[in-house]
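A structural walkthrough
Each chain is listed here by its residues.
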Amino acid sequence: MHGTAPTPELLLKAYAAGVFPMAERRADPDLFWVSPEIRGILPLDAFHVPTRLGRTVRSDRFAVTIDRAFSSVIAACAAPAPGREESWINAEIISLYTALHRRGAAHSVECWQDGELVGGLYGVKLGAAFFGESMFSFVRDASKVALVHLVARLKLGGFLLLDAQFQTPHLAQFGAVAISRDEYLRRLERALMKEGNFYCSAPAGSSGNRSLEPASGERAFTGALEATGACSWPGWFVLQAITQTS
């Protein structure tokens, strides 16, 4: 994509074709398109929650929100971290995905502890597909809890595909599998024919009562967040949503 000025519209067309952008490194101003021959996905109906992580989710140690601090989440994903000094998220990617977030096509899941953002993830929503981009943790298990909450939301919202881009040992513990590009494109085509509901509500009586105001400078989708109760789903409900058969 050297010499090309990408736009949010072009980015969504790329995702619909099974392609996504990356940068060589954080300081590199250019992007390039990626379409892996072997694609990593997290099957929503076979997502595995390790026992210890399940206890953490059930304990409600973290307050989990959506779209409360997208800019902070993507900045944390791009920042240097122990064992990950370099990043493929550059300034252009941050600008593009922030624009997608403003138009409701990119979302974040945040984990909070004592009012501080300690972990989260972000990704792109298109039809009934969610494309996971990156995650971060400042506290043990925070990003994993965010992932578990994301999967529960996708299952309840009628999503068909959770794209992890690449198969990794870290994702394998959750049941991630590697499939061919052709198989991925077939699944993507089916997912794009439907419309998933990222802002699905928990049934009455299931929502938690903890709420956090949007971080300073963040833009909240007021109506959509009101539809979710703008609060953290309790861990027991999240685990139940994941384990129930579709």
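Residues numbered from 1 in each chain as written. Predicted model: local features only at pLDDT ≥ 70, side-chain atom pairs only at ≥ 80, totals over all residues. Heavy atoms only, no water.

1. A short note on the pattern of salt bridges
One pass over the structure, following the stated rule, counts 8 salt bridges. Here D45 makes a salt bridge to K155, at a shortest N to O gap of 3.9 Å. Here the residue D45 occupies a position in the loop between strand 3 (38-41) and helix 2 (51-59), and K155 occupies one in helix 5 (residues 142-156), the gap between them amounting to 110 residues. Since its relative accessible area comes to 62%, D45 is described here as exposed. Taking relative accessible area as the criterion, K155 reaches 16% and is therefore assigned buried. Between D141 and K144 there is a salt bridge, with the nearest N and O atoms lying 3.9 Å from each other. Comparing D141 with K144 shows no difference in burial state: the two are buried. (Salt bridge = Lys/Arg side-chain N within 4 Å of Asp/Glu carboxyl O. Helix = DSSP H or I, 4+ residues; strand = E, 2+ residues; numbered from the N terminus. Buried < 20%, exposed > 50% of the residue type's maximum accessible area, 1.4 Å probe, protein only.)

2. With respect to helix 7 (residues 181-192)
Counted at 1.5 Å a residue, the expected span for helix 7 with its 12 residues is 16 Å, and the 16 Å between its end C-alpha atoms agrees. The set of residues buried in helix 7 consists of Y184, L188 and A191. Relative to the axis of helix 7, the buried residues are bounded by an arc of 60 degrees and lie together on one face. Within helix 7, the exposed residues directed more than 90 degrees away from the buried face are D182 and E189. Buried-residue contacts for helix 7 involve helix 1 (8-16), strand 3, strand 7 (129-137), strand 8 (161-165) and strand 9 (177-180). (Expected span 1.5 Å × (residues − 1). Arc of directions from axis to C-beta. Contact = heavy atoms within 4.5 Å.)

3. Considering the layout of surface pockets
Volume-wise, the second largest pocket comes out at about 270 Å³. Taken together, 15 residues make up the lining of the second largest pocket; nearest its centre are L44, D45, F159, L160 and L161. It is helix 7 that provides the largest number of residues to the lining of the second largest pocket, a total of 3 residues. (1 Å grid on protein atoms, 1.4 Å probe; cavity = no way out; pocket = protein on both sides within 12 Å on 5 of 7 lines; lining within 4 Å. Points joined across faces, edges and corners; volume = space filled by probe spheres on them.)

4. Looking at the environment of V118
If you trace the backbone, V118 turns up in strand 6 (residues 116-126). The exposure class of V118 is buried, given its relative accessible area of 7%. Here the alpha-carbon distance between V118 and D141, two residues 23 residues apart in the chain, equals 9.6 Å. Ignoring any residue separated from it by four or fewer positions in sequence, one finds V118 in contact with F62, C111, W112, Q113, F136, S137, F138, V139 and A142.

5. A look at empty space enclosed by the protein
Enumeration according to the criterion identifies 2 cavities of 30 Å³ or more in this entry. Its volume calculated, the second largest cavity comes out at about 40 Å³. Along its surface, the second largest cavity is lined by 11 residues, and V57, D60, F62, V145 and H149 are the ones closest to its centre. The set of elements that each furnish at least two residues to the lining of the second largest cavity consists of helix 2 and helix 5. In terms of residue class, the lining of the second largest cavity is made up of 5 nonpolar, 3 polar and 3 charged. (Nonpolar A, V, L, I, M, F, W, Y, C, P; charged D, E, K, R; others polar.)

6. Focus: the sheet that holds strand 7
Strand order in the open sheet formed by 7 strands is 4-5-6-7-8-3-9, and the pairing between neighbours is mixed. At either end of the open sheet lies a strand with only one pairing partner, and these are strand 4 (63-66) and strand 9. Within this sheet the neighbouring strands show an average axis-to-axis angle of 35 degrees, counted without direction. Seen against the sheet, helix 1 touches strand 6, strand 7 and strand 8 and runs at an angle of roughly 75 degrees to strand 6. With respect to the sheet, helix 5 is in contact with strand 4, strand 5 (106-113), strand 6, strand 7 and strand 8, its orientation differing from that of strand 6 by roughly 35 degrees. (Pairing = 2+ DSSP bridges. Axes fitted to C-alpha atoms, helices over the stretch in contact; angles between N-to-C directions.)

7. Here we look at the packing of helix 2 against helix 5
Running from amino to carboxyl end, helix 2 crosses helix 5 at an angle of 80 degrees, the nearest separation of the two axes being 10 Å. Classified by the angle between their axes, helix 2 and helix 5 sit roughly perpendicular to one another. Counting all contacts with helix 2, which are made through R52, L53, T56 and V57, the residues of helix 5 involved are K144, V145, V148 and H149. Each residue belonging to the contact of helix 2 with helix 5 can be placed in one class, and the counts come to 4 nonpolar, 2 polar and 2 charged. (Parallel < 35°, antiparallel > 145°, perpendicular 65-115°, else oblique.)

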